[in-house]
Amino acid sequence: MTTIAFIGLGHMGLPMAANLVSAGHDVRGFDLVAELRDAARDRGIAIASSGEDAAAAADIVITMLPAGRHVLAAYGTDDTPGLLAAARPGTLFIDSSTIAVDEARAAAVAAASAGHRALDAPVSGGVVGAENGTLAFMVGGGDADFAAALPVLETMGGRIVHCGGPGMGQAAKVCNNMILGISQIAVAEAFVLGERLGLSHEALFDVASHASGQCWALTTNCPVPGPVPTSPANNDFRPGFAGALMAKDLGLAEQAIALTGVDARLGLLARAIYREFGEGEGAGQDFSGIINTIRAAGADAS
């Protein structure tokens with residue numbers, strides 16, 4: 001049994017922490033939101049009085065927070081000590097938030113400077129993957145630290161890939177989500193085009209899902225009701241992964257594109273499309289709900 005502090009008990013963090021409890025680990029959680037703390041108690045997670053209190057007795061500290069600034073603030077600064085100052089020397093910090101590569105590297109440097117070990121380990125798989133313990137983890141950090149974290153990560157995930165040194169987990173995540181954002185738009189555009197041509201959703205799905213158009217955005221996150229009963233389109237686009245979060249992740253891709261000088265025109269266009277979607281109706285919808293924006297734009301143009 002490992003003593004684990006879990007900081008951030010939202011849509012993703014709560015089921016991840018609950019799976020750790022089910023596996024027999026001693027989990028002490030904390031979130032700034034009282035309702036999330038109450039929900040975590042109902043799932044068998046012991047709630048600490050603060051993140052620092054949770055970290056003080058932990059072997060591993062896992063953070064699942066909205067953005068890089070939250071991670072770095074939680075880790076602490078010279079003026080405001082945080083998790084790093086509270087933890088025992090040599091504690092393994094695992095950040096599963098999705099943040100910029102340079103922020104992940106800064107967090108790793110801060111942890112090492114405080115006498116700790118650190119991994120960046122963002123995830124893919126959404127709330128369903130978090131609930132089912134089938135998340136994919138993309139991990140950046142040292143070999144020994146990865147080996148130490150692996151049994152815990154395997155409790156929450158179905159596939160764990162060591163991508164390289166500090167920041168490389170986030171590098172893999174930003175590239176993966178750029179592919180996903182672009183492909184979800186492409187699938188949505190294809191279905192709207194099929195509608196206008198008189199093609200049924202089922203016919204297009206049956207063809208594309210077994211042909212060269214096959215992709216996750218089609219076969220798992222199909223943006224029209226019917227072909228994939230578990231897709232958000234069959235549940236009023238309730239978010240497994242919200243449009244606003246896709247906009248945020250593509251913003252990280254945009255930063256990385258600017259930093260590296262890559263000619264990634266589709267990535268930048270996807271960022272612009274999802275930024276508009278995430279600031280409007282997509283704030284409370286699954287990102288596959290982008291199909292409704294494409295339908296509306298086509299109707300306005302006709």
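Everything below is about the structure printed above this text.
Residues numbered from 1 in each chain as written. Predicted model: local features only at pLDDT ≥ 70, side-chain atom pairs only at ≥ 80, totals over all residues. Heavy atoms only, no water.

**Remarks on the pattern of salt bridges**
Reasoning step 1: For the coordinates displayed, the defined rule picks out eight salt bridges.
Reasoning step 2: Notably, a salt bridge pairs Asp-38 with Arg-41, separated by 2.8 Å at the nearest N-O pair. Taken together, the positions of Asp-38 and Arg-41, both in helix 2 (residues 34–42) and three residues apart, correspond to about one turn of that helix.
Reasoning step 3: Judged by relative accessible area, which is 41%, Asp-38 ranks as partly exposed.
Reasoning step 4: For Arg-41, a relative accessible area of 45% translates into the label partly exposed.
Reasoning step 5: One salt bridge connects Asp-263 with Arg-265, and the closest N-O pair in it is separated by 3.3 Å.
Reasoning step 6: A residue is classified by how much of its surface remains accessible, and Arg-265, at 64% relative accessible area, is exposed. (Salt bridge = Lys/Arg side-chain N within 4 Å of Asp/Glu carboxyl O. Helix = DSSP H or I, 4+ residues; strand = E, 2+ residues; numbered from the N terminus. Buried < 20%, exposed > 50% of the residue type's maximum accessible area, 1.4 Å probe, protein only.)

**Describing the environment of Val-27**
Reasoning step 1: Within the element layout of this structure, Val-27 appears in strand 2 (residues 26–30).
Reasoning step 2: A relative accessible area of 3% means that Val-27 is categorised as buried.
Reasoning step 3: Among all residues touching Val-27, those that are not within four sequence positions of it are Ile-4, Phe-6, Ala-17, Leu-20, Val-21, Ile-45 and Ala-46. (Contact = heavy atoms within 4.5 Å.)

**Thoughts on the pairing of strand 9 (residues 157–164)**
Reasoning step 1: Examined bridge by bridge, strand 8 (residues 135–140) and strand 9 share six bridges and lie parallel to one another. Paired with Val-139 across the two strands is His-162, which belongs to strand 9.
Reasoning step 2: Chirality of the crossover, the property in question, places the unit of strand 8, helix 8 (residues 143–156) and strand 9 among those that are right-handed. (Pairing = 2+ DSSP bridges. Right-handed = clockwise from strand over helix to strand, strands pointing away.)

**Let's talk about the side chain of Arg-271**
Reasoning step 1: Along the polypeptide, Arg-271 turns up in helix 13 (residues 265–279).
Reasoning step 2: Looking at Arg-271, its side chain comes within polar contact range of the main-chain oxygen of Ala-247, at 2.8 Å.
Reasoning step 3: In contact with Arg-271, other than residues within four places in its own chain, are Ala-247, Leu-250, Gly-251 and Glu-254. (Polar contact = N/O pair within 3.5 Å; in protein donor to acceptor, adjacent residues only side chain to side chain.)

**Here's the deal with unusual backbone geometry**
Reasoning step 1: Here the phi dihedral of Asp-236 falls at roughly 55 degrees; this positive angle occurs in a residue that is not glycine.
Reasoning step 2: One non-glycine residue, Phe-237, adopts positive backbone phi at about 60 degrees.
Reasoning step 3: Relative accessible area serves as the criterion here: at 9%, Phe-237 is assigned to the buried category.

**Comments concerning the packing of aromatic side chains**
Reasoning step 1: A complete count under the given rule lists four aromatic pairs for this structure.
Reasoning step 2: Ring plane angle 65 degrees and centroid distance 5.3 Å describe the contact between Tyr-75 and Phe-93, whose orientation is recorded as edge-to-face. With Tyr-75 in helix 4 (residues 68–75) and Phe-93 in strand 5 (residues 92–95), this residue pair connects regions lying 18 residues apart in the sequence.
Reasoning step 3: Given the relative accessible area of 3%, Tyr-75 is considered buried.
Reasoning step 4: Overall, Phe-93 belongs to the buried group, its relative accessible area being 0%.
Reasoning step 5: Between the aromatic rings of Tyr-274 and Phe-277, the centroid separation amounts to 5.9 Å while the plane-to-plane angle is 75 degrees, which identifies the pairing as edge-to-face. (Phe/Tyr/Trp six-rings, centres within 6.5 Å; stacked < 30°, edge-to-face > 60°.)

**A closer look at the packing of helix 9 (residues 168–197) against helix 10 (residues 201–208)**
Reasoning step 1: It is the contact of helix 9 with helix 10, at a shortest axis distance of 10 Å, that shows an interaxial angle of 130 degrees. As the angle between them shows, helix 9 and helix 10 are arranged oblique. The interaxial crossing formed by helix 9 with helix 10 has right-handed handedness. Taken together, the residues of helix 10 that come into contact with helix 9 (itself represented by Ala-190, Phe-191 and Glu-195) are His-201, Leu-204 and Phe-205.
Reasoning step 2: Split by residue class, the contact of helix 9 with helix 10 holds four nonpolar, one polar and one charged. (Axes fitted to C-alpha atoms, helices over the stretch in contact; angles between N-to-C directions. Parallel < 35°, antiparallel > 145°, perpendicular 65-115°, else oblique. Left-handed = near helix turned anticlockwise from the far one by under 90°. Nonpolar A, V, L, I, M, F, W, Y, C, P; charged D, E, K, R; others polar.)

**Thoughts on the nonpolar core**
Reasoning step 1: Grouped together as the largest cluster of nonpolar side chains are 29 residues, with contacts concentrated most on Phe-6, Met-16, Ile-62, Ile-94, Phe-137 and Met-156.
Reasoning step 2: At the level of secondary structure, the elements contributing two or more residues to this core comprise strand 1 (3–7), helix 1 (13–22), strand 4 (60–63), strand 5, strand 8 and helix 8.
Reasoning step 3: The biggest single contributor to this core is helix 8, with five residues.
Reasoning step 4: For Phe-137, the residues in contact, after removing those within four places along its chain, are Met-16, Ser-96, Ala-121, Pro-122, Val-123, Leu-153, Met-156, Gly-157, Arg-159, Ile-160 and Val-161.
Reasoning step 5: Residues Val-187, Val-224, Phe-237 and Phe-287 belong to the second largest nonpolar core, which totals 28 residues. (Core = buried A, V, L, I, M, F, W, Y, C linked by side-chain atoms within 4.5 Å.)

**Describing helix 1**
Reasoning step 1: Of all 10 residues in helix 1, eight are buried, a share of seventy percent or more.
Reasoning step 2: Within the sequence span of helix 1, burial applies to Gly-13, Leu-14, Pro-15, Met-16, Ala-17, Ala-18, Asn-19 and Leu-20.
Reasoning step 3: Gly-24, located one to two residues past helix 1, shows a positive phi value of around 100 degrees.

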